[in-house]
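Structural characterization, general
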Amino acid sequence: MNRPSKKVLSAAFVATTILWGSQIANAADITVMGYRGPFEENYVKSVVEPFMKAHPDIKVTFYGVQNAATSLGNMRAQRDAPQVNAVIYDLSVAKIAKEEGLIADVDPAKLPNYADVADIGKDLGGAAVPITYDTLSLIYNRDAFATAPTSWEALWDKAQDGKVALPAQGGGDIQAILLTIIANRLAGEENYKDTIDPGVDKLVELAPRVQTWEPKPDAYTLVANGTASVSIGYNARSQFYTDHTEGRLQSVGPVEGTASQINVISAIENAPEREATETFMNYALSPEAQAAFARAMFYAPTNTKAEVDEATRERIPLMDPAQRDKLIDVDWMSIGDLREDILRPWRRQIIPAGR
Amino acid sequence: MSSVATAPSASPSWLRGIPLVVVLMLLPMAAINLIAFVLPVVRLAMISFIKSRSGGVLTDTYTLENYVDFFTDRFSFELISNSLVLGFGVTLVTLVCSYPIALFLHRVSPQWRNLLFVITVSPLLVSSVVRTYGWMVLLGDQGVINGILTSTGIIQTPIRLVNNLLGVYIGMVEVLIPYMALSLIAGFGRLDIVYEEAAASLGANGWTRFRRVILPLTMPGIALGCLLCFVLAISSFITPKLLGGGRVFLLATEIYDQAVIQLEWPSAAATSVIVLIIFGLALALYSRVAKRFD
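Residues numbered from 1 in each chain as written. Chains lettered and ligands numbered in written order. Predicted model: local features only at pLDDT ≥ 70, side-chain atom pairs only at ≥ 80, totals over all residues.

When you go through chain B residue by residue, the secondary structure sums to 13 helices and 2 strands. Scaling as 2.2 N^0.38, a compact globule of 294 residues should have a C-alpha radius of gyration of about 19 Å, whereas chain B reaches 24 Å, well beyond that. Over its C-alpha atoms, taken along the principal directions, chain B stretches across nearly 80 × 70 × 35 Å. Looking at chain B as a whole, 30% of its 294 residues qualify as buried. Put simply, of all contacts in chain B between residues at least 6 apart along the chain, 67% involve residues at least 24 apart. (Helix = DSSP H or I, 4+ residues; strand = E, 2+ residues; numbered from the N terminus. Rg over C-alpha atoms; globule rule 2.2 N^0.38 Å. Buried ≥ 20, exposed ≤ 12 C-beta atoms within 10 Å, placed from the backbone. Contact = placed C-beta atoms within 7 Å.)

Residues annotated by UniProt as "transmembrane region" (unreviewed entry) correspond here to residues 20-42, 84-106, 112-131, 168-193, 213-238 and 265-286 of chain B. Note that residues 168-193 of chain B is 77% helix and 0% strand, and that its end C-alpha atoms are spaced 37 Å apart. (UniProt positions renumbered as here; feature names shortened; annotations may be inferred.)

A word on the UniProt feature "domain: ABC transmembrane type-1" (unreviewed entry) in chain B. In the numbering adopted here, UniProt assigns the feature "domain: ABC transmembrane type-1" (unreviewed entry) to residues 80-286 of chain B. Annotated as 77% helix and 0% strand, the span residues 80-286 of chain B places its first and last C-alpha atoms 19 Å apart.

One frequent convention defines the size of an interface as the accessible area lost when the parts assemble. Residue and element names in this part refer to chain A. Domain assignment breaks chain A into domain 1 (6-132 + 261-307) and domain 2 (134-260 + 327-354). For domain 1 versus domain 2, the separation of C-alpha centres amounts to 31 Å. On the side of domain 2, 15 residues touch domain 1, which itself brings 18 residues to the contact. Looking at the side of domain 1 that touches domain 2 element by element, the count peaks at 4 residues for helix H4 (residues 91-99). Across the side of domain 1 that touches domain 2, the residue classes tally to 9 nonpolar, 6 polar and 3 charged. (Domains from an automatic or database assignment. Nonpolar A, V, L, I, M, F, W, Y, C, P; charged D, E, K, R; others polar.)

Another point: the interface of chain B and chain A. Contacts between the two partners involve 21 residues from chain B, matched on the other side by 26 residues from chain A. Of all the secondary structure elements, the ones that give two or more residues to the side of chain B that touches chain A are strand S2 (57-62), helix H11 (238-243) and helix H12 (251-261) of chain B. Grouping the amino acids of the side of chain B that touches chain A by side-chain chemistry returns 9 nonpolar, 9 polar and 3 charged.

Turning to the nonpolar core, a few remarks are in order. Residues and elements named next belong to chain A. With 156 residues, the main nonpolar core has Ala86, Val129, Val223, Ile268 and Phe280 as its most contacted residues. When residues of this core are assigned to domains, at least three fall in each of domain 1 (6-132 + 261-307) and domain 2 (134-260 + 327-354). Those residues in contact with Val129 that lie beyond four places of it in its chain are Leu111, Tyr114, Val117, Val264, Ile265, Met281 and Leu285. (Core = buried A, V, L, I, M, F, W, Y, C linked by C-beta atoms within 7 Å.)

Before going further, it helps to examine unusual backbone geometry. Residues and elements named next belong to chain A. Cis geometry marks the peptide bond from Lys216 to Pro217; its omega dihedral reads 0°. Note on placement: Pro217 falls in the loop between strand S6 (210-212) and helix H7 (219-224). A positive phi angle, near 70°, is found at Asn270, a position not held by glycine. Relative to the assigned elements, Asn270 resides in the loop between strand S9 (260-267) and helix H9 (274-284). For Glu273, which is not glycine, the phi torsion reads 55° and is therefore positive. With respect to the secondary-structure elements, Glu273 resides in the loop between S9 and H9.

To continue, consider the pairing of strand S7 (residues 230-234) of chain A. Residues and elements named next belong to chain A. The element S7 is largely enclosed, with a buried count of 5 among its 5 residues. Side-chain alternation along S7 places Val230, Ile232 and Tyr234 on one buried face and Ser231 and Gly233 on a second face that is also buried. In terms of strand pairing, strand S4 (residues 129-141) meets S7 through 5 bridges, oriented antiparallel. Following the sheet pairing, Leu136 is matched in S7 by Tyr234. Here strand S5 (residues 164-165) runs beside S7; their pairing, made up of 2 bridges, is parallel. (Pairing = 2+ DSSP bridges.)

All names here are of chain B. Spanning 28 residues, helix H1 (residues 20-47) covers 38 Å between terminal C-alpha atoms, matching the ideal 40 Å at 1.5 Å per step. The largest bend along H1 reaches roughly 40° and is located at Leu34. Among the 28 residues in H1, 0 count as buried, and that is only a small part of the element. (Expected span 1.5 Å × (residues − 1). Bend = angle between axes of the 7 residues up to and from the residue.)

Set out below in C-alpha cells:
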C-alpha cells in the first residue's frame, strides 16, 4: 500500500493552513441592530440571507431590540467599544445619535445606491440613510364597523366609546407625535410648529372614550381580537397582522392624509469592519433588497428604482400617488427639538382627561 | 488555648478586633457589592448631573438643572404623591389580606403548616409578568369576571376593572401577598398562645385580646412586611405598566418614560436618585418602628 510521504503531507498541511488563513483574513463578521419581532424575521429572510449568499465572505448577525430608543441606549453604553456595526432605527433618534457622535458620517460615494434613494428623510446624508418608509394608518376591527371607516374621525366616533386603544405611552412616542399633528390639522391648525393647542384640545375630547393608552401586547392584537375596535398603527405591521388574522384587522390610509415614519441605517462610529458594513448598507439600499423587503413586510422602498408588484403596491399607501399627494409634511429634524413640547401635554392634559 | 488572628493594628478602627478570617471571608461579597451595586449607583448619580440638550442629546457639562427641573415642576409632586399613596395603599390592603393567612399558618398544627406554607408562597413560582397577564385576561372588558357579571344579568355593560388604578391595586396586592405573608410569619416568633389564654382568663374578650396582646406581639412582623411591600410597591414597574393602561403615573413609570421615550437619561437618573432617597427614608422609618417594638 502506497502511503503519502511526509513531504507531501507537510506541503498539503501548509497549503491548507494558508488557504484557511486567507479565508479567515477575508471573512468579516458584522452585527446589525434593528427592530425585533416581525421586522427582524422578515428582514433576515428577505435582505440578510440573500446578502450573505451574494457575499459569502461577510457574515451578518441581526440583533433585535424593542425600539429605536433601545438602540440609542445600546450605542451610548458601547460608545468606547461598539459591539454592533450598523443600526436600523428611526430618523428622529438618528439625529440625536449624530449629535452625540455615535454614528459615522459615511461618504455617500461609498454607497453607490445612495444616489437612487428618494429625497424624503435624507437630511443626515451618509450618516443616516433612509432604508424604509412607512405611514401611520387607522386600524380597525372588521366586525366592529358596518361600513369601513375612511377618516381619522372614526377615532372620535361615539359608537366606539371605550373601544379606542391609543398607543401613546410605553414606546408609542412617534405615534403620539404623529397623532398630535394629525389632530391639530383636524382641528383646523395646519402648522404644528406654530401651535399644537387645537390638536391637544381635540385629543382631550377623545380621552374619555379611550380604553387604554398603552395597549398590551400591542394595538394590533387588541384590535384583531376585538378587545378594542379602532386604533392607530403603522401600515407595514398592520398589513402583516391583516395577513395573520385572516383579515379581522384592517387598516386604511385616511382621506385627510397621513404622515410618514422613516427608518434609516447608520454605521456605528469606531466600530470595526467598516468596509463590510458599507457593503451591507449599500446592498440594503439596492433595488432588489428594497423590493424584497417591501414584498415581505409592506414598507415602501426608499430606492426609487425598486420594482414592486401591483398587489404589494396596493397595500402600501405611500406608493399610491393620491395618498402620496396628501402626505402630511413632518420635519423630523425639528421634531427632535419639539419632542418634549409635543409629548408633555399627553401626560398632563390628554390622558388625565380620560381618567 | 488558641488565639485568633485579628485585623492588623494599622487597619481602620472599625475593623480592629474583627478576626482576620472574617474580614477575608467578607471580601468577595464586598467586592461583588462594590462592582454590581455601589459603582452603578455612583454612575447613575453622575449621569443625573449631566446637562442634556433638546431631544435628549447628552453633553459634557455638569449641572444641577435636572434636580431643579424636577422640584420646580408640579407634575413631579403629583408623581411623588401618586407613588406614596399607591405604596401605602397597596401595603395596607396587602396587610389586611395577608394577616389572617399568616396568623392561621402560625397556629395551624405542624403537620399541615408546611403544606399550607408552600401553597401560600407558590404564586412566587410563576413570574409576576405571567400572573399580571393573567389578571389582564380575568379583568378585561371581555374577561371572565365581566363575562360572569353580564351573563348573570348583574350588570348590563362591562365595568372597567383594568387599564386604571383599580387594576393596578388588584394586580399588585396579589403579587405582594406572598412577600407580606412570609414577612409576617417570620416576625410572629414572640406570639405564643399562652399569652392569649392568660388575657382570656383575666376576662379580655376576643377584640381586646387581639388589640392588647396579639397585635403588639406581631408588630415586628407587620413592620417588616410593610417595609418590604412598600419598597416593592413604590418601585414596581411591570404591574402598573401592564394593568394601568397608561393612566397611572408613578415615579417608576416616569423613570422608564424619561429614559426610553423622551430619551432624557439625566432626568431619568435624577428621578432614580430621588426614588433611592425615598427608599432611604422608608428604611429609617422602619428602623425607628422596629426599635420601638423590640
